[in-house]
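Structural features, examined
Each chain, letter by letter, is given below.
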Amino acid sequence: MKTKNEAGYYAIGIFRGKTHHNLGTLWRSAYVLGAQYIFTVENKYKKQTSDVVRAWSRIPLFHYPTFDDLLENIPYDCRLVGVELDENAEWLHEFEHPKRAIYLLGAEDSGLPDYVKEKCHILIRLPGNSSLNVGVTGGIVMHDRATKVPTIFPPNHKEM
Ligand SMILES: C[S@@+](CC[C@H](N)C(=O)[O-])C[C@H]1O[C@@H](n2cnc3c(N)ncnc32)[C@H](O)[C@@H]1O
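Basis of the calculations
Sequence positions are assigned chain by chain, starting from 1 and proceeding in written order. Local features in this predicted model are restricted to residues of pLDDT 70 or higher, and side-chain atom pairs are both shown and tallied only at a pLDDT of 80 or more, whereas totals for entire chains, interfaces and linings draw on every residue. Computation of side-chain values: all heavy atoms of the structure, hydrogens and water removed. Whether a residue is near a molecule or strand depends on its heavy atoms: if one lies within 4 Å, it is near. Where accessible areas are quoted, they stem from the Shrake-Rupley method and a 1.4 Å probe; at the residue level, only the protein chains shown are allowed to cover. Only Asp, Glu, Lys and Arg are considered charged in this grouping, and only Ala, Val, Leu, Ile, Met, Phe, Trp, Tyr, Cys and Pro are considered nonpolar; every other residue, Gly among them, is considered polar. Stacked, tilted and edge-to-face pairs are distinguished by plane angle, under 30 degrees for stacked and over 60 for edge-to-face with tilted covering the rest, among Phe, Tyr and Trp rings (Trp via its six-membered ring) whose centres lie within 6.5 Å. Note on criteria: charge over ring means Lys NZ or Arg CZ within 6 Å of the ring centre, with the direction from the centre no more than 35 degrees off the ring normal. Numbering of helices and strands starts at the N terminus; helices are DSSP runs of H or I of at least 4 residues and strands are runs of E of at least 2. Burial classification: accessible surface area is computed with a 1.4 Å probe over protein chains only, and a residue below 20% of its type maximum counts as buried, one above 50% as exposed, and the rest as partly exposed. Pairing between strands is defined by DSSP: at least two bridges between the two strands are required. Under the convention used throughout, the expected extent of a helix is 1.5 Å for every residue step, that is, one less than its residue count. What qualifies as a polar contact is a pair of N or O atoms within 3.5 Å, subject to a donor-acceptor requirement within protein and to the restriction that residues adjacent in sequence count only when both atoms come from side chains. Surface patches are drawn from residues lacking salt bridges whose relative accessible area is over 30%; two like charges belong together within 9 Å, two nonpolar side chains (Val, Leu, Ile, Met, Phe, Trp, Tyr) within 5 Å. Any carboxyl oxygen of Asp or Glu that lies within 4 Å of a side-chain nitrogen of Lys or Arg is treated as forming a salt bridge with it. Throughout, an axis means a line fitted to C-alpha atoms (over the contacting stretch in the case of helices), and angles, computed between N-to-C directions, take values from 0 to 180 degrees. An angle counts as roughly parallel when it lies under 35 degrees, as roughly antiparallel when it exceeds 145, as roughly perpendicular when it falls between 65 and 115, and as oblique in every other case. Crossing handedness is defined as follows: a turn of the near helix away from the far one that is anticlockwise and smaller than a right angle gives a left-handed crossing, while the clockwise case is right-handed. Residue contacts follow a heavy-atom distance rule, with two residues in contact if any of their heavy atoms lie within 4.5 Å.

By the naming in an unreviewed UniProt entry, the protein goes by RNA methyltransferase and is assigned to Taishania pollutisoli.

Put into structure tokens, the structure is as follows:
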């Protein structure tokens, strides 16, 4: 089993997220599945009942007014992983998660625009004949990371 330091860390956020219920669901999953912080880009978050654990009170919630602000504040040696149904993206189930990663999801209506995808270090996608809900997508990505990098769980969890 890797030590926590070897496992690294991750954050997850949404670019221009529209539906606050989806954000609340995502934040709740992020806290439960071991994200170190959560963020929004170009759209602020208002408290939601779907975030029953009040994730923002337990892990930092950042807001980046623009995509450039996000880019300028990527931590040292951390990969920006765009999550999008894009033909050039890697399949999630074959993906080896970077030790230090920021996962970026797209808006419910328009997804990640090309100029954002071009700036991502890596793109990943999930299978399916059409788009999934953005909160569901984030939950699946975090679960995939949790099963491949199991040390993100606190010590009282059973070893996987
Ligand atoms: C509802 S989808 C956006 C759909 C948008 N109408 C489009 O076709 O671009 C919202 C976000 O969920 C994520 N998503 C949904 N399905 C996905 C999939 N199969 N693979 C990767 N990301 C997905 C992406 O981050 C996407 O930007």
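All right, on to the site of the ligand then. Around the ligand, a shell composed of 17 residues is seen, among which Val83, Glu84, Gly106, Leu126 and Leu132 lie nearest. Taking 580 Å² as the accessible area of the ligand by itself, protein coverage stands at 82%. Of the residues in the shell around the ligand, the class split is eight nonpolar, five polar and four charged.

A separate point is the packing of aromatic side chains. Applying the stated criterion to the full structure yields eight aromatic pairs. Just above the ring of Trp91 sits the side chain of Arg125; from NZ or CZ to the centre is 3.9 Å.

Of note in this structure, Arg16 is not a glycine but carries a positive phi near 55 degrees. Tracing the chain through its elements places Arg16 in the loop between strand S1 (9-15) and helix H2 (20-32). Residue Arg16 is classed as partly exposed on the basis of its relative accessible area of 33%. A positive phi is found at Asp77, a non-glycine position, where the angle reads about 55 degrees. Take Asp77: it is sitting in the loop between helix H3 (67-72) and strand S4 (79-83).

With that out of the way, let us pick up the pairing of strand S2 (residues 37-41). Within a regular strand, the side chains alternate between the two sheet faces. Counting buried positions along S2 yields five of five residues, so the element is predominantly enclosed. Judged by which residues are buried, S2 turns out to be covered on both faces: Tyr37, Phe39 and Val41 on one side and Ile38 and Thr40 on the other are all buried. In terms of strand pairing, S1 meets S2 through five bridges, oriented parallel. When the bridges of S2 are listed, Ile12 appears paired with Ile38. Judged from the four bridges that link them, S2 and strand S3 (residues 61-64) form a sheet pairing that is parallel. Along S3, the bridge assignment pairs Ile38 with Leu61.

Turning our attention to helix H5 (residues 134-148). Spanning 15 residues, H5 covers 21 Å between terminal C-alpha atoms, matching the ideal 21 Å at 1.5 Å per step. Within H5, the full set of buried residues consists of Val134, Gly135, Thr137, Gly138, Gly139, Val141, Met142, Asp144, Arg145 and Ala146. At the N-terminal end of H5, a side-chain oxygen is found 2.7 Å from the backbone nitrogen of Gly135, two or three residues along, and the residue is Asn133.

A surface patch of nonpolar side chains, amounting to about 220 Å² of accessible area, comprises Leu132, Val136 and Ile140. Tracing the backbone shows Ile140 in helix H5. Exposure remark for Ile140: the relative accessible area of 36% places this residue in the partly exposed category.

Direction vectors running N to C along H2 and H5 enclose 10 degrees, while the axes themselves pass 8 Å from each other. Taken together, the axes of H2 and H5 are roughly parallel relative to one another. Helix-helix and strand crossings are classified by hand; for H2 and H5 the assignment is right-handed. Where H2 abuts H5, its residues Asn22, Leu26, Ser29 and Ala30 lie against Val134, Gly135, Gly138, Gly139 and Met142. Per-class residue counts for the contact of H2 with H5 are four nonpolar, five polar and no charged.

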